[in-house]
Amino acid sequence: MDMKGFNQYKEQSINTMTQGELLLLLYDELYKRLAQAELTLEKQEYPVFENCVDRAVAIIQYLDDTLDRKYDISQNLTQLYEYFTYELGRVKIGRRKDLLAHVKSMIGELRDAFRQAQKSGDSGK
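Everything numeric here is computed off the predicted structure, so don't read it as measured data.

Peer 1: What is the right way to look at the pattern of salt bridges in this model?
Peer 2: Where side chains of opposite charge bring their charged atoms close, a pairing between them can arise. Taken as a whole, this structure holds twelve salt bridges when the rule is applied. Ionic pairing is found between E29 and R33, a salt bridge with its closest N-O pair at 2.8 Å. Highlighted residues: E29 and R33, both in helix α2 (residues 19-42), separated by four residues, approximately one helical turn. Relative accessible area serves as the criterion here: at 23%, E29 is assigned to the partly exposed category. Across the pair D112 and R115 runs a salt bridge whose closest N-O atoms are separated by 3.8 Å.

Pasting the structure below:
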């Protein structure tokens with residue numbers, strides 16, 4: 001397989017996505033990283049677990065950094081992202097699967113809410 005062609009295709013796909021599609025892609029990746037963290041924590045693969053948590057925190061930071069601050073909901077999302085970051089720090093330090101499951105559940109609900117909003121917005125066109 002020609003990796004150069006594949007990478008060009010992937011880059012073009014990302015460049016043609018709407019903001020809503022990109023947001024959902026980020027949330028999907030965030031959720032995936034947290035699921036991987038759960039699996040690797042159970043297997044006691046701590047370096048991989050820590051890497052997954054670090055990647056999840058980096059995605060959350062990116063989501064916060066790219067918020068459009070002119071909307072009121074941005075302040076609420078910032079507080080939520082700060083909470084997620086704090087809790088994931090506790091997860092990483094204490095290897096707490098209960099906290100990890102809680103954060104993953106909340107992120108899944110938020111992702112589903114954004115997905116529903118995206119669908120509602122698309123059907124209104």
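Peer 1: I tried to follow the packing of helix α3 (residues 46-65) against helix α4 (residues 73-94) on my own but got confused; where do I start?
Peer 2: Where α3 contacts α4, the axes come no closer than 10 Å and their chain directions differ by 170 degrees. Here α3 lies roughly antiparallel to α4, going by the angle between them. For the pair α3 and α4, the crossing hand works out as left-handed. For the pair formed by α3 and α4, the contact residues are F49, E50, V53, D54, A56, V57, I60, L63 and D64 on the first element and T78, Y81, F84, T85, L88, V91 and K92 on the second.

Rules used in this analysis
- Residues numbered from 1 in each chain as written.
- Predicted model: local features only at pLDDT ≥ 70, side-chain atom pairs only at ≥ 80, totals over all residues.
- Heavy atoms only, no water.
- Salt bridge = Lys/Arg side-chain N within 4 Å of Asp/Glu carboxyl O.
- Helix = DSSP H or I, 4+ residues; strand = E, 2+ residues; numbered from the N terminus.
- Buried < 20%, exposed > 50% of the residue type's maximum accessible area, 1.4 Å probe, protein only.
- Axes fitted to C-alpha atoms, helices over the stretch in contact; angles between N-to-C directions.
- Parallel < 35°, antiparallel > 145°, perpendicular 65-115°, else oblique.
- Left-handed = near helix turned anticlockwise from the far one by under 90°.
- Contact = heavy atoms within 4.5 Å.

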